[in-house]
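Spelled out, the chains give:
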Amino acid sequence: MVSLATFGVSFSLAVALMSSAWAQTATVERSAKGAAAANIRVGLYLNVKPDCTSGPLPAIRLLKPPANGTLTIRRGNVTATNYKQCLALEVPGFVAFYKSKPDFAGVDSATIEVRYPAGRTEIQRISITVGGGKGGQKI
């Protein structure tokens, strides 16, 4: 289970609300930090409806893979309190992780496309700084 309160990554939460007004494409820049050869969380993808239940999850496609590691998606449950009009919720979601090659230190990048069921599409450019201290930033 992933808790929004302790999710240690520098990114804005991508949540789609069921609305036809979201039928658009946007480009989003994300960043994360972490240690070499460790799983670094780089994204969280949900679909929370106005009644605080889960809607269909988005489709995620890798457009540009990272040059010095791998990007993987895992499914899990996400818990949150005081999120928009929802005082408490637990919904399924996808979590994106980056893992560098063991000997890599520096900045890597990847690009993904996230298509939400309501029609909104995001092109997400993710920059990952590997090495040089503790991983992750608290949000």
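Definitions and cut-offs
Residues numbered from 1 in each chain as written. Predicted model: local features only at pLDDT ≥ 70, side-chain atom pairs only at ≥ 80, totals over all residues. Heavy atoms only, no water. Helix = DSSP H or I, 4+ residues; strand = E, 2+ residues; numbered from the N terminus. Buried < 20%, exposed > 50% of the residue type's maximum accessible area, 1.4 Å probe, protein only. Contact = heavy atoms within 4.5 Å. Areas by Shrake-Rupley, 256 points an atom, 1.4 Å probe, with all protein chains shown as cover. Polar contact = N/O pair within 3.5 Å; in protein donor to acceptor, adjacent residues only side chain to side chain. Phe/Tyr/Trp six-rings, centres within 6.5 Å; stacked < 30°, edge-to-face > 60°. Lys NZ or Arg CZ within 6 Å of the ring centre and 35° of its normal. Disulfide = S-S within 2.5 Å.

Looking at this model, I keep getting lost on the overall build of the protein chain. Mind explaining?
When helices and strands are tallied, the protein chain shows zero helices and nine strands. Across the 139 residues that make up the protein chain, the buried fraction comes to 42%. The contacts of the protein chain with a sequence gap of at least 6 include a subset with a gap of at least 24, amounting to 71%. Taken as a whole, the protein chain presents about 7100 Å² of accessible surface, with 53% of it coming from carbon and sulfur.

Sorry, what's going on with the side chain of Arg120 here?
For Arg120, the position within the fold is in the loop between β8 (106-115) and β9 (121-130). A distance of 2.7 Å separates a polar atom in the side chain of Arg120 from a polar atom in the side chain of Glu122.

Before we go on, may I ask you to explain the packing of aromatic side chains in this structure?
Remark: the centre distance and the inter-plane angle together describe each pair of aromatic rings, the angle taken between the planes. Under the definition given, this model contains zero aromatic pairs. The aromatic ring of Phe97 is capped on one face by Arg74, whose charged end is 4.7 Å from the ring centroid. One residue, Arg120, lies across the ring of Tyr116, its end atom 4.3 Å from the ring centre.

Got a minute to help me understand the state of the cysteines in this structure?
Among covalent bonds in proteins, the disulfide is the one between the sulfur atoms of two cysteines. Following the criterion strictly, the structure yields one disulfide and no others. A sulfur-sulfur separation of 2.1 Å characterises the disulfide bridge that pairs Cys52 with Cys86. The chirality of the disulfide connecting Cys52 with Cys86 is left-handed, given an S-S dihedral of about -100°. Pair noted here: Cys52 is in the loop between β4 (40-46) and β5 (59-64) and Cys86 is in strand β7 (residues 86-100), with a separation of 34 residues, a long-range link.

Where do I start with the side chain of Asn47 in this structure?
Looking at where Asn47 falls in the secondary structure, it is placed in the loop between β4 and β5. From its side chain, Asn47 meets the backbone oxygen of Pro56 in a polar contact 2.7 Å long.

Quick question: what am I supposed to make of unusual backbone geometry here?
Despite not being glycine, Asn82 shows a phi value in the positive range, around 55°. Judged by its relative accessible area of 59%, Asn82 is exposed. Positioned with a positive phi, Lys84 is a non-glycine residue whose angle comes to about 50°. The topology assignment puts Lys84 in the loop between β6 (69-83) and β7.

Just distances and angles here, no functional claims.
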